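# Descriptive structure summary
So the chains spell out like this:
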Amino acid sequence: MVPVSHRHSSHSEIEWRLSFAKADQLLAVKAVTSSQRQCLIYLKILRLQLNMNKLSSYCLKHVFLHCCDELHTTAWDNDPAGCVIYMIDILMECINRRHLPCYFLPKNNLINQLEDQDFDEIMSFLRKIRNDPLSPILDFTDERVLILSTEDCISYNRKFRDIVQPVMNEILSESHPTTKQSIFGCFLDVQCIVASAMLTEKSVHHFFII
């Protein structure tokens with residue numbers, strides 16, 4: 001338990017809150033897979049990029065845990081994009097019902113402290129990311145370096161959106177010779193861009209060493 005009261009409590013000085021921090025940590029280490037964790041990170045980045053402060057990261061985690069129970073682990077491996085969309089849809093349902101259940105105590109509503117205007121604002125954000133869950137991520141990566149390992153990065157000068165542009169162009173294209181050939185081709189282009197960028201970085205690095 002932690003000495004934290006409800007936002008609208010009239011007895012804040014004597015109220016405590018049940019804490020599930022240890023249970024959260026145990027689930028994160030023992031139960032959550034790498035693919036599931038990446039989907040949660042994606043959702044958190046969407047929240048960060050849109051300044052969706054009225055909906056806490058803690059709420060996202062509990063929706064995520066509920067979705068982990070609903071979706072088989074293979075779904076998170078094979079269709080992470082679909083899982084992210086599923087989480088957004090569940091979030092929208094919760095906001096519509098104005099009830100987001102705690103994973104550990106489902107009868108406990110994690111958003112009952114929000115005002116009417118808060119729900120409207122959150123729903124507006126969710127509709128925005130539901131219609132376009134990719135642009136905020138590309139905006140996020142524009143200001144960051146893509147790391148491949150602890151020692152290598154693709155480039156300090158090349159944006160992630162430039163690297164995946166062949167894939168983006170393919171998604172927006174209306175003509176597809178064959179799906180398999182098309183997907184293979186655009187990802188081959190991406191691999192070439194990555195390889196070229198890494199070779200450039202290493203060449204510049206060696207130039208300065210010499």
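This one's a predicted model, so the numbers in the text were calculated from it and none came from an experiment.

## So, the nonpolar core
Core analysis: the largest hydrophobic core is formed by 40 residues, its most contacted members being Leu-55, Trp-76 and Leu-100. For this core, the secondary-structure elements that each account for two or more residues are α2 (34-49), α3 (57-70), α5 (80-97), α6 (116-131) and α7 (135-142). Element by element, the count of residues in this core is highest for α5, at nine residues. When sequence neighbours within four positions are dropped, the list of residues in contact with Leu-100 reads Leu-55, Cys-59, His-62, Val-63, Leu-91, Cys-94, Asn-108, Asn-109, Leu-110 and Ile-111.

## Here's the deal with α5
For α5, which comprises 18 residues, the first-to-last C-alpha distance of 26 Å matches the rise-based estimate of 26 Å (1.5 Å per residue) to within 8%. Residues of α5 that are buried: Cys-83, Val-84, Met-87, Ile-88, Ile-90, Leu-91, Met-92, Cys-94 and Ile-95. Buried residues along α5 sit in contact with α2, α3, α4 (73-78) and α6. Backbone geometry just after α5 places Arg-98 at a positive phi near 60°.

## As for the side chain of Arg-47
Examined against the element boundaries, Arg-47 turns out to sit in helix α2. Among buried charged residues, Arg-47 stands out as having no salt bridge; its nearest opposite-charge side chain is Glu-121, 10 Å away. Within the structure, Arg-47 has its side chain in polar contact with the backbone oxygen of Leu-55 (distance 2.5 Å). Filtering out sequence-adjacent residues up to four positions away, Arg-47 remains in contact with Met-52, Asn-53, Leu-55, Ser-56, Ser-57 and Leu-60.

## As for the packing of aromatic side chains
This model, assessed by the stated rule, comprises two aromatic pairs. Measuring from centroid to centroid gives 5.7 Å for Phe-64 and Trp-76, while their planes differ by 80°, and the two rings are edge-to-face. Of this pair, Phe-64 sits in helix α3 while Trp-76 sits in helix α4, and the two are twelve residues apart along the sequence. Of the two residues, Phe-64 and Trp-76, neither departs from the other in class, the shared state being buried. Taken together, a centroid distance of 5.3 Å and an interplanar angle of 85° make the contact between Tyr-103 and Phe-104 edge-to-face. For Tyr-103, a relative accessible area of 21% corresponds to the partly exposed category.

## Regarding the pattern of salt bridges
Under the criterion given, the structure shown has four salt bridges. The shortest N-O distance in the salt bridge between Lys-54 and Asp-118 comes to 2.9 Å. Within this pair, whereas Lys-54 is found in the loop between α2 and α3, its partner Asp-118 is found in helix α6, the two being separated by 64 residues in sequence. The partly exposed category is assigned to Lys-54, whose relative accessible area is 37%.

## As for α2
Between its first and last C-alpha atoms α2 spans 22 Å; for 16 residues at 1.5 Å apiece the expected length is 22 Å, and the two agree. Inspection of α2 places Gln-36, Cys-39, Leu-40, Leu-43, Ile-45, Leu-46 and Arg-47 among the buried residues, and these make up the whole buried set. Residues of α2 that are buried make contact with α3, α4, α5, α6 and α7. Once α2 finishes, Asn-51 follows within two positions and takes phi at roughly 50°, a positive value.

What counts and how
Residues numbered from 1 in each chain as written. Predicted model: local features only at pLDDT ≥ 70, side-chain atom pairs only at ≥ 80, totals over all residues. Heavy atoms only, no water. Core = buried A, V, L, I, M, F, W, Y, C linked by side-chain atoms within 4.5 Å. Buried < 20%, exposed > 50% of the residue type's maximum accessible area, 1.4 Å probe, protein only. Helix = DSSP H or I, 4+ residues; strand = E, 2+ residues; numbered from the N terminus. Contact = heavy atoms within 4.5 Å. Expected span 1.5 Å × (residues − 1). Lys, Arg positive; Asp, Glu negative; His and termini not counted. Salt bridge = Lys/Arg side-chain N within 4 Å of Asp/Glu carboxyl O. Polar contact = N/O pair within 3.5 Å; in protein donor to acceptor, adjacent residues only side chain to side chain. Phe/Tyr/Trp six-rings, centres within 6.5 Å; stacked < 30°, edge-to-face > 60°.

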